[in-house]
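Take a look at the letters that make up each chain.
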Amino acid sequence: MFKMMMCKEATRLMSKRLDAPLSFQEKLSLKLHLAMCDACTECNKQFTLLHEVGHRFEVFVSDTPDNGGGAHNE
Amino acid sequence: MSGSESEEKNERMQRLSAVRPRLVSFARLQLRDLAQAEDAVQEALAAAIEKDESFSGRSGYETWVFGILKYKILDALRAQRRDGRWQPLEHELDEDAIDRLFQQNGRWQEEAKPASWGDPEAAFLNERFWQVFDTCMIALPDNIARVFSMRELMGLTTEEICREAGIKENNCWVILHRARLRLRACIERGWLSEEN
Ligand SMILES: [Zn+2]
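Residues numbered from 1 in each chain as written. Chains lettered and ligands numbered in written order. Predicted model: local features only at pLDDT ≥ 70, side-chain atom pairs only at ≥ 80, totals over all residues. Heavy atoms only, no water.

Trainee: So, the packing of aromatic side chains: which residues are in play, and what are the values?
Mentor: Here the distance between the centres and the angle between the planes together describe a pair of aromatic rings. All chains considered together, the criterion is met by ten aromatic pairs over all chains. The interplanar angle of 35° and the centroid separation of 4.7 Å between the aromatic rings of Phe102 of chain B and Trp108 of chain B together place this pair among those described as tilted. Comparing Phe102 of chain B with Trp108 of chain B, the two get one shared label, buried. Connected via pairs of aromatic rings, a cluster forms that spans Phe57 of chain A together with Phe26, Phe66, Phe124, Phe129, Trp130, Phe133 and Trp191 of chain B. Taking NZ or CZ as reference, Arg12 of chain B lies 5.9 Å from the ring centre of Tyr61 of chain B, over its face. (Phe/Tyr/Trp six-rings, centres within 6.5 Å; stacked < 30°, edge-to-face > 60°. Buried < 20%, exposed > 50% of the residue type's maximum accessible area, 1.4 Å probe, protein only. Lys NZ or Arg CZ within 6 Å of the ring centre and 35° of its normal.)

Trainee: Describe in detail the UniProt feature "domain: Putative zinc-finger" (unreviewed entry) in chain A, supporting the description with residues and values.
Mentor: As recorded in UniProt, the feature "domain: Putative zinc-finger" (unreviewed entry) lies at residues 7-40 of chain A. The span residues 7-40 of chain A shows a helical share of 76% and a strand share of 0%, and its end C-alpha atoms are spaced 7 Å apart. (UniProt positions renumbered as here; feature names shortened; annotations may be inferred. Helix = DSSP H or I, 4+ residues; strand = E, 2+ residues; numbered from the N terminus.)

Trainee: Can you tell me about helix α4 (residues 53-62) of chain A, naming the residues and giving the values?
Mentor: Quick reminder: α-helices carry 3.6 residues per turn. Residues three or four places apart thus point the same way. Counting buried positions over the ten residues of α4 of chain A gives nine, a clear majority of the element. Listing the buried residues of α4 of chain A in full gives Val53, Gly54, Arg56, Phe57, Glu58, Val59, Phe60, Val61 and Ser62 of chain A.

Trainee: I'd like a rundown of the pattern of salt bridges, residues and numbers included.
Mentor: Taken as a whole and judged by the stated rule, the model has 19 salt bridges over all chains. Residues Arg184 of chain B and Glu188 of chain B are paired through a salt bridge, measuring 2.7 Å at the closest nitrogen-oxygen approach. Residue Arg184 of chain B and its partner Glu188 of chain B are both found in helix α9 (residues 169-195); the two are separated by four residues, about one turn of the helix. The class of Arg184 of chain B is buried, set by a relative accessible area of 2%. Here the salt bridges do not stand alone but share partners, grouping Asp19 of chain A together with Arg151, Glu152 and Arg180 of chain B into one network. (Salt bridge = Lys/Arg side-chain N within 4 Å of Asp/Glu carboxyl O.)

Trainee: Which residues make up the nonpolar core, and what values go with them?
Mentor: Core analysis: the largest hydrophobic core is formed by 62 residues, its most contacted members being Leu23, Phe129, Phe133, Met137 and Ile187 of chain B. Take this core: its biggest share by element is nine residues, from helix α3 (residues 61-82) of chain B. Residue-level mapping places this core at the junction of two domains, with at least three residues from each of domain 1 (3-82) and domain 2 (89-195) of chain B. In this structure, Met137 of chain B is in contact with Leu29, Arg32, Ala145, Phe148, Ser149, Leu153 and Leu183 of chain B, ignoring residues within four places of it in sequence. Within the second largest apolar cluster, 20 residues are counted, among which are Leu22, Leu30, Cys40 and Cys43 of chain A. (Core = buried A, V, L, I, M, F, W, Y, C linked by side-chain atoms within 4.5 Å. Domains from an automatic or database assignment. Contact = heavy atoms within 4.5 Å.)

Trainee: Provide a residue-level description of the coordination of the zinc ion, including the pertinent values.
Mentor: Residue and element names in this part refer to chain A. Protein ligation of the zinc ion involves Cys7 (SG), His33 (NE2), Cys37 (SG) and Cys40 (SG), the donor distances falling in the range 2.0 to 2.4 Å. Coordination geometry of the zinc ion: the four donor atoms subtend angles of 101 to 114° at the metal centre, consistent with an arrangement described as tetrahedral. The sequence motif formed by the donor residues of the zinc ion is C-x25-H-x3-C-x2-C. Across the pair, exposure class does not vary: His33 and Cys37 are buried alike. (Donors = N, O, S within 2.8 Å, 3.2 Å for Na, K, Ca; no water. Tetrahedral: all angles 85-135°; square planar, octahedral: opposite > 155°, others 65-115°.)

Trainee: So what's going on with the domain arrangement of chain B? Residues and values would help.
Mentor: All names here are of chain B. In terms of domain boundaries, chain B breaks down into domain 1 (3-82) and domain 2 (89-195). Between domain 1 and domain 2, the C-alpha centre-to-centre distance is 26 Å. Approximately 1,400 Å² of surface area, both sides summed, lies buried where domain 1 meets domain 2, with 54% of it carried by carbon and sulfur atoms. Run the count over domain 1 and domain 2 and you get seven residue pairs in polar contact (both at pLDDT 80 or more). Top element by residues in the side of domain 1 that touches domain 2 is α3. It accounts for seven residues. Residue composition of the side of domain 1 that touches domain 2, by class: five nonpolar, three polar and six charged. (Buried area = accessible area lost by both parts, 1.4 Å probe. Polar contact = N/O pair within 3.5 Å; in protein donor to acceptor, adjacent residues only side chain to side chain. Nonpolar A, V, L, I, M, F, W, Y, C, P; charged D, E, K, R; others polar.)

Encoded structure:
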C-alpha cells in the first residue's frame, strides 16, 4: 500500500533538492506531500529563500548607500 | 593615467571603504571570528587595489571585489582546518535537535510549524532581515554554520564541501538539512516577532 510521507521526511527531501537531483520517486512523494501540507509548503518556500541568500547578500552588499543604489534592478 | 581615469579610480577606492563593513560581516559569518574576518577583507581589498587595472567597466565593481573576497575566505577556512580549529562534524549527526521539531509520527510539532514570512522580496530588501539572519547564523554551532555558508554563501557544491571538510556527501546533506531547519526556525522567531 502507498505510504504517505510525513513532514520530517518531506523536509529532508526539500533540503536535498537544493543540493542534488531527486529521484523520480522522491520528487513525486514530495510533490504529493506539499500539495496537502501547508506547514511544509511554507518550509519549502523558506528553504528556497535561504538558498538564495548568498546571491542576495551580494546584492545587498553592493547596494551601499553611496554607490547610486542601482543594484536592486538587476 | 588621464585625469578622468584617476577620478574613476578614486571613486572605486571610496566604494571600497563604503562596502567594507558589509564585507566584514559576510566574512565573519563564515570564519566565525571577527579578527580573521577583518584580515580576510583587508587582504581582499589590498588585492582589489593592486589589481585595479584588471577591473574593467563601472558596474559590478562590488561583485568583482566580492569574488576576490570569496577566495580569501576559502584560504582562511583551509588554514583554520589545518590548524585544527574545526570541531569534528560527527557531533552534529545526532538527531535530537531535529527530533524536537517533529512528533513521533513525523508530523510537525504544533509550536514548530512553519508560518508564512510574507513577501520574500521585501525581506531581502529589509536591513532588519539581514540582522536577524546574521544573529541566527552566529547562533548556529560553528561546524554546521560553516557547511551551510560554504554551500549557500560561497556557492560551493556539496562535492566540493566534502573535499574541504573531509566528510561524506551523505553527511553533508544531513548537516545542510539540519542547518536549514534550525536557521528557518530562528529566523522565523526573529523576523515575525518584531514585524507585527
Ligand atoms: Zn508536511
